Amino acid sequence: MNSSNFKVDPPDNGSWYPANFVPFCLRIQTYTLTKGLLLWDVLLLVPNVIFTIFLLAKRIQMNQKLKKLNLPIIKVFYQMILALSILSISRCLISIFIKPNDFKGQIINKIAWLIIRFSQLGTELSVVFFGIFFARLESQKSILRIVSLTMPISLLYISIQVKKLTKKKII
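These numbers were taken from a predicted model, which means no experiment stands behind them. (Residues numbered from 1 in each chain as written. Predicted model: local features only at pLDDT ≥ 70, side-chain atom pairs only at ≥ 80, totals over all residues. Heavy atoms only, no water.)

(A) View of the packing of helix H3 (residues 59–69) against helix H4 (residues 72–97). At a minimum axis separation of 10 Å, H3 and H4 run at an interaxial angle of 160 degrees. Accordingly, the angle class assigned to the pair H3 and H4 is roughly antiparallel. Every pair of crossing elements has a handedness; the one defined by H3 and H4 is left-handed. Contact with H3, carried on its side by Arg59, Met62, Asn63 and Leu66, involves Ile74, Lys75, Tyr78 and Leu82 of H4 and no other residues of that element. Residues of the contact of H3 with H4, tallied by class, amount to 5 nonpolar, 1 polar and 2 charged. (Axes fitted to C-alpha atoms, helices over the stretch in contact; angles between N-to-C directions. Helix = DSSP H or I, 4+ residues; strand = E, 2+ residues; numbered from the N terminus. Parallel < 35°, antiparallel > 145°, perpendicular 65-115°, else oblique. Left-handed = near helix turned anticlockwise from the far one by under 90°. Contact = heavy atoms within 4.5 Å. Nonpolar A, V, L, I, M, F, W, Y, C, P; charged D, E, K, R; others polar.)

Below, the structure is given as C-alpha cells:
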C-alpha cells in the first residue's frame, strides 16, 4: 500500500475536516422533512409516543398488579415515568409547532427544556432517595416527603442553570 495516497496535513480551515464537511449529528438536527418539520423532532417524538401508548395501554393491568402487591413506591415510579414521557411529548410538539427562529420561539423552547430538565432531575433524585430509604417507604406519607424534598433541590439546580443561561445571553 502506498502511503502517498493518504493526506496527513490538516486543511487550511483549522480543522482536520474539509471545509464543506457537516458532521452527521448536525445534519440530522437540521434536516427538514417537509416545510417546518425537522427530522430531529420526529426522531424524538416517535419513540416517546410509542412508549407513552405502551404505558397507557398497560395501565389497567399495572394497577391491578400493584393493588395485589401493596407497594406504593412502584406506583409512584410508574406515575413519574408516565409524567416524564407526557412532558417529553409536549416538548417535542412545542419544538415542532413553535420554531425558534425568533426571540419568542427561543424563549418558549428554552422554558420547555428547563421544565423537562426540572422534572427529570426531580425524578432522578427521587429514585436515589427511594433507594437510600427503601426500608422505610411503606406509607404514602414517607414517599410524599421524599418527593417534596427532591423538588426544591432540583428547582435550585435549574434556577442556577437559568442564571448561567441569562449571563451568556441565551435567554
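Back to the write-up after that little detour.
(B) Looking closely at the side chain of Ser88. Here Ser88 shows up in helix H4. Ser88 has contacts with Asn48 and Ile116, leaving out every residue within four places of it along the chain.

(C) Up close: a nonpolar patch on the surface. Taken together, the side chains of Phe51, Phe54 and Ile81 define a hydrophobic patch exposed on the protein surface, amounting to about 280 Å² of accessible area. Here Phe51 lies in helix H2 (residues 39–57). (Patch = residues over 30% accessible without salt bridge, like charges linked within 9 Å, V, L, I, M, F, W, Y side chains within 5 Å. Areas by Shrake-Rupley, 256 points an atom, 1.4 Å probe, with all protein chains shown as cover. Salt bridge = Lys/Arg side-chain N within 4 Å of Asp/Glu carboxyl O.)

(D) The packing of aromatic side chains, seen in detail. If you walk through the whole model with that rule in mind, you get 1 aromatic pair. Between Phe77 and Phe130 the ring centres are 5.4 Å apart and the planes differ by 70 degrees, which places this aromatic pair in the edge-to-face class. Placement of Phe77 in helix H4 and of Phe130 in helix H5 (residues 103–132) is noted, with a sequence separation of 53 residues between them. The exposure class of Phe130 is buried, given its relative accessible area of 1%. (Phe/Tyr/Trp six-rings, centres within 6.5 Å; stacked < 30°, edge-to-face > 60°. Buried < 20%, exposed > 50% of the residue type's maximum accessible area, 1.4 Å probe, protein only.)

(E) Structural detail: the layout of surface pockets. Size it by volume and the largest pocket reaches roughly 320 Å³. A per-element tally of the lining of the largest pocket places H5 first, with 5 residues. (1 Å grid on protein atoms, 1.4 Å probe; cavity = no way out; pocket = protein on both sides within 12 Å on 5 of 7 lines; lining within 4 Å. Points joined across faces, edges and corners; volume = space filled by probe spheres on them.)

(F) Seen up close, the nonpolar core. In terms of nonpolar packing, the biggest core is built from 8 residues, these being Ile73, Val76, Met80, Phe129, Phe130, Ile143, Ile146 and Val147. With near-sequence residues (within four places) excluded, Val147 lies in contact with Met80, Ser126 and Phe130. (Core = buried A, V, L, I, M, F, W, Y, C linked by side-chain atoms within 4.5 Å.)

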